[in-house]
Amino acid sequence: MSDQNLTLMTDKYQINMIYAHWKNGTHRKKRVFEAYYRHNPFGNGFVVFAGLERIIQYLQLLKFTDEMIAYLAVQEEQYDSDFLEYLRTFTFSGTLRAVPEGTIIFPNEPIIQVEATVAEAQLVETAILTFLNYQSLIATKAARIRLIAPDEVLLEFGTRRAQEVDAAVWGARATYIVGFDATSNLMAGMQFGIPTKGTHAHSWVQDHDSEEDAFEGFARALPNQASFLVDTYDTLRSGLPSAIRVAKKMEQQGKQLRSIRIDSGDLAYLSKEARRILDEADLPYVKIIASNDLDENLIVELKNQGARIDVWGIGTKLITAYDQPALGGVYKVVSKEENGEWLPTIKISGNPEKVTTPGRKKLYRIMNLHTGKAEGDYIALEHEDVVNQPKLKLFDPIHTYHHKFVVDFEAQELLELIYEEGNLVYTLPTLQEIRSYHQRQLSSFWEEYMRRLNPEQYPVDLSQELWDLKYQMIQQKSMEKRV
C-alpha cells in the first residue's frame, strides 16, 4: 500500500475548482489552508494526531497518470485538452507543516498547514482529511483504552470488522502509536514492524472430536505459543477442564500453556472462576485473554467487578470507532497572496463554531517550567515573538474574562516543517520513536484533562493580536452585509 498513487483520491469538486481557477488564470495564486477539528470525539478531552506518514507517502507519489488523464477526459464537464495537459505535469511544490504523529491535540488549533498554489492546496484537501480524520480517531479511541488499562496487555483484533483493508492496516498502526502491544493483522505487522499475536478460532475446536483433541493438536503444532479458546461449548464445564488436562501434559514435556481465551458469556464471572480453577490446578502462569466487543467503557465495568483478565483483545468497537465513526476534521483557507502581500481571510457562518480564525499562524504549547505541565496551547500570528515574551496572557477566546498570566514558561512550537517548496525536508521517525514521543506527551498534562469521563477543558488560546484581528474582520464582514 505504500506505493499507491492516490492522486484521484479526491472529490470531484476539487478538480472542478482547479479547472475554474485555471480558466480564470488564478490557479497559481498562493494560499494557506489549515486542517483542524472542532469537537473532541467520544466525550474525550483530547485527540491523538496520526496519519502524517500516510500523507507524506501520498504527496511523494502525487502525479496524474495517463490513465487518470484519460478518465478525466470523458467526464461530463468536458475539460479543455490544455487543462488536461496542465494536469499531466502537476506536482506538489508547496510547503507543509504539521504536528508530529503522537502529539496530543485539541479543538480549533491548526494541526496541518498547507502553503501552496490554490490548485495544489485544493487537490490535496480530501486525501489529507481522509488520513487525518480516520487515523487520529482510531488513535484517540485506542488511547482511551490504554489510559484505563495501563498495566494490561492490549491486542488489536479488529481486522475482519474494519471498513476495508486500508482501515485495518493503518488502524492497527494508529493503535500501536498510543501503546497497544500487538495486532492480529499480519500485513500491518510486516509493513510497520508491529508485533503480531493470535490464538485460534472456534472452527479449530469444531474440527475435532473433542476440545481436548483440538488443544492437543494445537499444542503439538505450536508448543511455545499455545493459547486455547475455551468457550466453544461450555467454558467452565468442558473448555477449561480440557485446557488444564492438556496444560499438564505440556508440563511433562517441559512446555507451558501460555493462555486461555474467553470470547463469550459473562466475562467478569468466567474470568474470576477461570483464575480460581487455574490457580487450584497449579497453573498460575496461564494468562487469561478476553475478547467479545470490548471497549473502554466495558473494560472499566469489568475491572470494577473484579474481572481477572490479563490480556484484552479489542476489535470491532476500536477499529470502527463504534460510538463515533467520524472525527469531523476540516480544511479551511486562512490567508491569500495578492500582489506579493499575504492577506488574512475569514469564513463567517450562522453557526459561530464554524467561524474561522484568519491569518498565517503558529501554534505553541506553553509549558510551566516549575511543574513540567502544559498550561495551555497558544495560537499567534506568524510574525509574533512568543518565545521571548517575559509574561504571557492566556485568555478564553469566547469568555475573555477567563484569563491568567504565566511567567516562568517555555513556548514549544508544535508545527514542524515537513515539505518546503515541494521538497520533503522531514525525517520520518520510526514507529517506536513515535510511541515514545506519545508517552512523553501524555506526561505533559494533568490527569484532569486526560480522564475518560467529564474531562476538564484544556485551554486553547489566541494571542491578543490574533483575537483582535479575528473580531475586527467579523465586524467588518457584518457591516458589509448590512450595506
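So, a few notes on the structure that sits alongside this text.

Cut-off values and rules
- Residues numbered from 1 in each chain as written.
- Predicted model: local features only at pLDDT ≥ 70, side-chain atom pairs only at ≥ 80, totals over all residues.
- Heavy atoms only, no water.
- Helix = DSSP H or I, 4+ residues; strand = E, 2+ residues; numbered from the N terminus.
- Contact = heavy atoms within 4.5 Å.
- Areas by Shrake-Rupley, 256 points an atom, 1.4 Å probe, with all protein chains shown as cover.
- Lys, Arg positive; Asp, Glu negative; His and termini not counted.
- Charge placed at Lys NZ, Arg CZ, Asp CG, Glu CD.
- Pairing = 2+ DSSP bridges.
- Axes fitted to C-alpha atoms, helices over the stretch in contact; angles between N-to-C directions.
- Buried < 20%, exposed > 50% of the residue type's maximum accessible area, 1.4 Å probe, protein only.
- Salt bridge = Lys/Arg side-chain N within 4 Å of Asp/Glu carboxyl O.
- Polar contact = N/O pair within 3.5 Å; in protein donor to acceptor, adjacent residues only side chain to side chain.

Below, the discussion takes up the overall build of the protein. Regarding its fold elements, the protein presents 17 helices and 21 strands. Dimensions along the principal axes, computed over C-alpha positions, put the protein at roughly 85 × 60 × 40 Å. Sequence-distant contacts, at least 24 apart, represent 73% of the contacts inside the protein between residues at least 6 apart. For the protein, the exposed surface amounts to about 22300 Å²; the carbon and sulfur share of it is 48%. The average position of the 53 basic charges and that of the 67 acidic charges among the side chains of the protein differ by 2 Å.

To continue, consider the sheet that holds strand β12 (residues 330-338). Across the sheet, 7 strands lie side by side as β13-β12-β1-β5-β3-β19-β20; this open sheet has antiparallel pairing. In this open sheet, the two edge strands, each paired with only one partner strand, are β13 (341-344) and β20 (423-424). Note that strand β1 (residues 30-36) and strand β5 (residues 112-117) share 6 bridges and pair antiparallel. Within β5, the residue paired with A35 across the bridge is I112. Packed on one face of the sheet, helix α6 (residues 125-148) meets β1, β3 (95-98), β5 and β12 and runs near 140° to β12.

We now examine the side chain of R435. Along the chain, R435 turns up in helix α15 (residues 431-442). Here R435 occupies a buried position and makes no salt bridge, while the nearest side chain of opposite charge, D181, is found at 4.9 Å. A polar contact is formed between the side chain of R435 and the backbone oxygen of Y176, at a distance of 2.7 Å. At 2.8 Å, the side chain of R435 and the backbone oxygen of F180 are in polar contact. With near-sequence residues (within four places) excluded, R435 lies in contact with Y176, I177, G179 and F180.

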